Amino acid sequence: MIALVQAGLALMLAYPAHAQDDPAMSNKTASAFAQLGQAFSTSAETTATPPTPERLRLVHQYLVQYKAEAAMKAVGQAAYSQTLEQFKTKAAALPARQQAQALTAFSTAFESAEAARIRITLDGMATYFASRLSEDDLKTVIAWNDSDIGHRMREQPLTVTQEERQQAGQFTLDHPAMIRLVQVSVGYSKQVLANAPSAKAAFQADFQSRLCQNFSAIQLRMSTCPATATHARRRPA
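Note that this is a predicted model, so its numbers are computed, not measured.

Points about the packing of aromatic side chains
Applying the stated criterion across every chain yields a total of 15 aromatic pairs. Here Tyr-128 and Tyr-188 contribute two aromatic rings whose centre-to-centre distance is 5.3 Å and whose plane-to-plane angle is 65°, an arrangement assigned as edge-to-face. One end of the pair, Tyr-128, is in helix 5 (residues 96-130); the other, Tyr-188, is in helix 9 (residues 176-217), and 60 residues separate them in sequence. The residues Tyr-128 and Tyr-188 share a single accessibility class, namely buried. Three or more aromatic residues joined by ring pairs form one cluster here, namely Tyr-80, Phe-87, Phe-106, Phe-110, Phe-203, Phe-207 and Phe-215. Just above the ring of Tyr-128 sits the side chain of Arg-132; from NZ or CZ to the centre is 3.6 Å. The aromatic ring of Tyr-66 is capped on one face by Arg-154, whose charged end is 5.5 Å from the ring centroid.

Here it is, written out as structure tokens:
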């Protein structure tokens, strides 16, 4: 999500960032900063309306453009690698065969919990954006992202010339939908930060439940899982 906000801000700032090279553009520069300030000052005031199926579809198309799911998977993979190393230390006392079973149980539990987290997050993000942006807003943003400049600003920013950045800034000034996108992105980011502790706790609880189920299936006991009569005598991981 941070990448989406950064992209929106970069687009809005593209024009004023280079406007000093042309003194005749000073008024437009001031206008760009004024609109940017307005976007931030009213970011929490965006009115939400029930999202329609079409707006939800358009938001999902927008999220595909920014590879939101891939970014979430990358974050999850980093967390998986870190927690896997910690789990390997705990499982080191088990016999080799049980270690392999325990690691498989861990991996499948994490993967399924992470897939559920990503699905819930994407659905929540889509609902948030679709309830605050109109169809026209979303079509404008998607069309910009599909343009050559919009694509390269996301994928190959070093290939974007100064003139093209000025064009991007002018496009932002000419299309209020781009400013509304930044407003909504900032509002969503604030919500994510506020809900981060509860979201983390929900993921950990889901992962722990799946892991305990996997351990129960192979009759291994984990110290943080409820013991059952069928595997209470097995060594804990």
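So, the environment of Ala-168
As for its position among the elements, Ala-168 is in helix 8 (residues 162-174). In the structure, Ala-168 is positioned 15 residues away from Met-153 in sequence and 9.2 Å away in space, judged by C-alpha atoms.

Quick notes on the side chain of Gln-65
Within the secondary structure, Gln-65 sits in helix 3 (residues 53-65). Gln-65 sits in the buried class, given a relative accessible area of 11%. Side-chain polar atoms of Gln-65 contact the side chain of Asn-145, separated by 2.8 Å. Filtering out sequence-adjacent residues up to four positions away, Gln-65 remains in contact with Ile-142, Asn-145, Asp-146, Arg-154 and Glu-155.

Considering helix 9
At Ala-196, helix 9 is deflected by roughly 55°, the largest bend along its length, and proline Pro-197 occurs up to four residues later in sequence. Phi for Gln-219, located one or two positions after helix 9, is positive at around 55°.

A look at the state of the cysteines
One pass over the structure, following the stated rule, counts 1 disulfide. Each disulfide pairs two cysteine sulfurs, and for Cys-212 the partner residue is Cys-225, the sulfurs being separated by 1.9 Å. A torsion of -85° about the S-S bond marks the disulfide between Cys-212 and Cys-225 as left-handed. Placement of the pair is Cys-212 in helix 9 and Cys-225 in the segment after helix 9, with a sequence separation of 13 residues. Since its relative accessible area comes to 16%, Cys-212 is described here as buried. For Cys-225, a relative accessible area of 11% gives the class buried.

Basis of the calculations
- Residues numbered from 1 in each chain as written.
- Predicted model: local features only at pLDDT ≥ 70, side-chain atom pairs only at ≥ 80, totals over all residues.
- Heavy atoms only, no water.
- Phe/Tyr/Trp six-rings, centres within 6.5 Å; stacked < 30°, edge-to-face > 60°.
- Helix = DSSP H or I, 4+ residues; strand = E, 2+ residues; numbered from the N terminus.
- Buried < 20%, exposed > 50% of the residue type's maximum accessible area, 1.4 Å probe, protein only.
- Lys NZ or Arg CZ within 6 Å of the ring centre and 35° of its normal.
- Polar contact = N/O pair within 3.5 Å; in protein donor to acceptor, adjacent residues only side chain to side chain.
- Contact = heavy atoms within 4.5 Å.
- Bend = angle between axes of the 7 residues up to and from the residue.
- Disulfide = S-S within 2.5 Å.

All quantities given are derived from atomic positions and should not be read as evidence of function.
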